[in-house]
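Here is how the chains run, residue by residue.
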Amino acid sequence: MDSIHLFKASDFSEAMRRAVEMGKVHEQEYLNAEGWRVRWVLASIILLDLIGDELTDGAEVYSEPVEINADEAVGFDHQFFPDKSEPTQTM
């Protein structure tokens, strides 16, 4: 699983230390419903980006292109209604 966390740090080395610390907090080991041993561990820090001194309201911190299947394609003039969305929360 890849996770994205935002935090403040005074420099890159502090940011690296904090990233490792935050990742280690999420490590765990347990038996799943089938009795298999499951282990979540921090394997690596993939990206460590400087966003700036202050997080600007509305700043984009992540985006990823989404593949659209041919059966999901809509016409160029299709009208969307994002205000009717019912988003979920991850926490």
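Treat the numbers as computed from the prediction; the structure is a model and nothing was measured.

Summing up its helical and strand segments, the chain has 1 helix and 2 strands in all. The secondary structure elements of the chain, listed N-terminal to C-terminal, are α-β-β. The C-alpha radius of gyration computed for the chain amounts to 19 Å, which surpasses the reference 12 Å derived for 91 residues by more than 25%, pointing to a less compact arrangement than a globule. The dimensions of the chain, computed from C-alpha atoms along their principal axes, are 50 × 45 × 20 Å. For the chain, the proportion of its 91 residues judged to be buried stands at 5%. Long-range contacts, defined as pairs at least 24 residues apart, comprise 30% of the intrachain contacts of the chain with a sequence gap of at least 6. Carbon and sulfur atoms make up 53% of the accessible area of the chain, which totals about 9,300 Å². In the chain, 7 side chains carry a positive charge and 19 a negative one; their mean positions are 13 Å apart.

The next subject is a nonpolar patch on the surface. Among the surface-exposed residues, Ile4, Leu6, Ile51, Leu55, Val61 and Tyr62 lie close enough to one another that they form a single nonpolar patch of about 580 Å² accessible area. Along the chain, Ile4 turns up in the segment before α1 (12-25).

On to the environment of Ala9. Structurally, Ala9 is set in the segment before α1. For Ala9, the residues in contact, after removing those within four places along its chain, are Glu14 and Ala15.

The next subject is the pattern of salt bridges. If you walk through the whole model with that rule in mind, you get 4 salt bridges. Among the ionic pairs, Arg17 bridges to Glu21, the shortest N-O distance being 3.3 Å. With a gap of 4 residues between them, Arg17 and Glu21 both fall in helix α1, about one helical turn apart. Classification of Arg17 as partly exposed rests on a relative accessible area of 45%. In this structure, Glu29 and Arg37 form a salt bridge, with 2.7 Å as the shortest nitrogen-oxygen distance. What makes Glu29 partly exposed here is its relative accessible area of 46%. Judged by its relative accessible area of 63%, Arg37 is exposed. Linked through salt bridges whose partners overlap, the residues forming this network are Glu14, Arg17 and Glu21.

Rules used in this analysis
- Residues numbered from 1 in each chain as written.
- Predicted model: local features only at pLDDT ≥ 70, side-chain atom pairs only at ≥ 80, totals over all residues.
- Heavy atoms only, no water.
- Helix = DSSP H or I, 4+ residues; strand = E, 2+ residues; numbered from the N terminus.
- Rg over C-alpha atoms; globule rule 2.2 N^0.38 Å.
- Buried < 20%, exposed > 50% of the residue type's maximum accessible area, 1.4 Å probe, protein only.
- Contact = heavy atoms within 4.5 Å.
- Areas by Shrake-Rupley, 256 points an atom, 1.4 Å probe, with all protein chains shown as cover.
- Lys, Arg positive; Asp, Glu negative; His and termini not counted.
- Charge placed at Lys NZ, Arg CZ, Asp CG, Glu CD.
- Patch = residues over 30% accessible without salt bridge, like charges linked within 9 Å, V, L, I, M, F, W, Y side chains within 5 Å.
- Salt bridge = Lys/Arg side-chain N within 4 Å of Asp/Glu carboxyl O.

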